[in-house]
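# Close look at the chain arrangement
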Amino acid sequence: MGEINVIEKRPGNHIPYEVDGKKIVFGHDEISINLESRERDFEVLLDICIDSENGIVIGTGGKARKYAAQIIIPARRYDTVKKEKGESEEAREEKIPVDFDISNCTLILWEV
């Protein structure tokens, strides 16, 4: 497993973060997100914002006031495996999910 791709959209101070395996932790252990659990069959975008009380939140609604980061989790990938036919069935192909790899994800950091 590799490292998450990081893009600094604007220079300056960025939200502190730490990547630990398949999860990312923002702030001083304020919010933790397991990226593997957010993977879907379509691209997932997670907006990370600073709220009106200087807390870290996921999403742009509610008390969110300042955009801090965005996480891009690409659509789940699959391998196609041929299943051997049994006596009463025909051979067929089956899709098997590829293991999650955080190096396929991107973290975009904005100045905070």
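Scroll up for the structure.
Within each chain, residues carry numbers counting from 1 in the order of the written sequence. In keeping with the predicted nature of the model, local features appear solely for residues at pLDDT of at least 70, side-chain atom pairs appear and are counted solely at 80 or more, and the whole-chain, interface and lining totals rest on all residues. Values reported for side chains reflect all heavy atoms of the structure, with hydrogen atoms and water molecules removed beforehand.

Right, let's talk about the overall build of the protein for a bit. Secondary structure assignment for the protein yields one helix and 10 strands. Atoms counted for the radius of gyration: C-alpha only. Globule rule: 2.2 Å times residue count to the power 0.38. Taken over C-alpha atoms, the radius of gyration comes to 19 Å for the protein, far larger than the 13 Å a tight globule of 112 residues would show. For the protein, the C-alpha atoms occupy an extent of roughly 65 × 30 × 25 Å along the three principal directions. Burial status follows relative accessibility: with a 1.4 Å probe on protein chains alone, a residue under 20% of its type maximum counts as buried, one over 50% as exposed, and anything between as partly exposed. Burial statistics for the protein: of 112 residues in total, 30% are counted as buried. Only heavy atoms enter the contact rule, under which two residues are in contact if any of them lie within 4.5 Å. Sequence separation of at least 24 residues holds for 56% of the intrachain contacts in the protein that already meet a minimum separation of 6. As presented, the protein carries roughly 7600 Å² of accessible surface, and 42% of it is formed by carbon and sulfur atoms. Charged side chains of the protein number 16 positive and 23 negative; the gap between the two group centres comes to 4 Å. Strands here are runs of E lasting at least two residues and helices are runs of H or I lasting at least four, both read from the DSSP assignment and numbered beginning at the N terminus. Here the open area of atoms and residues is found with the Shrake-Rupley method and a 1.4 Å probe, where only the protein chains shown may cover a residue. In this tally Asp and Glu are treated as negative and Lys and Arg as positive; neither His nor the chain ends contributes. Every charge is mapped to an atom, namely NZ of Lys, CZ of Arg, CG of Asp or CD of Glu.

Salt bridge, as used here, is a side-chain nitrogen of Lys or Arg placed within 4 Å of a carboxyl oxygen of Asp or Glu. Counted by the stated rule, this structure contains five salt bridges. Between Glu39 and Arg76 there is a salt bridge whose closest N-O contact spans 3.6 Å. Here Arg76 lies in the loop between β7 (64-73) and β8 (78-83) and Glu39 lies in the loop between α1 (35-38) and β5 (44-51), a separation of 37 residues in the sequence. Since its relative accessible area comes to 11%, Glu39 is described here as buried.

Now for the nonpolar core. For this analysis, a nonpolar core means a set of buried residues of the types Ala, Val, Leu, Ile, Met, Phe, Trp, Tyr and Cys, connected via side-chain atoms within 4.5 Å. Core analysis: the biggest nonpolar cluster contains 21 residues, and Ile15, Phe26, Leu35 and Ile71 have the highest contact counts within it. Secondary structure elements with two or more residues in this core: β3 (23-26), β4 (31-34), β5, β7 and β10 (106-109). Apart from residues no more than four positions distant in its own chain, Phe26 is found in contact with Ile15, Pro16, Tyr17, Ile31, Ile33, Ile48, Ile56, Ala69, Ile71 and Leu107.

So, on to the sheet that holds β10. Two strands form a pair only when DSSP identifies at least two bridges running between them. Spatially, five strands are ordered β1-β10-β7-β5-β6 in an open sheet, and the strand pairing comes out mixed. Sheet topology places β1 (5-8) and β6 (56-58) at the edges, where each strand pairs with a single neighbour. Strand-to-strand, the axes of this sheet are offset by a mean angle of 25°, without reference to chain direction. Of the strand pairs in this sheet, β1 and β10 are connected by four bridges, and their pairing is parallel. In the sheet register, Ile7 faces β10, and the bridge partner there is Ile108. Inter-axis angles, ranging from 0 to 180 degrees, are taken between N-to-C directions of lines fitted to C-alpha atoms, where helices are fitted over the stretch in contact.

The three strands are arranged β2-β3-β4 in an open sheet whose pairing can be described as antiparallel. The sheet terminates laterally at β2 (17-20) and β4, the two strands that pair on one side only. Averaged over all pairs of adjacent strands, the angle between their axes in this sheet comes to 20°, without regard to strand direction. Two elements, β2 and β3, share four bridges in a ladder whose sense is antiparallel. Each bridged residue has a counterpart across the sheet, and for Glu18 the counterpart in β3 is Val25.

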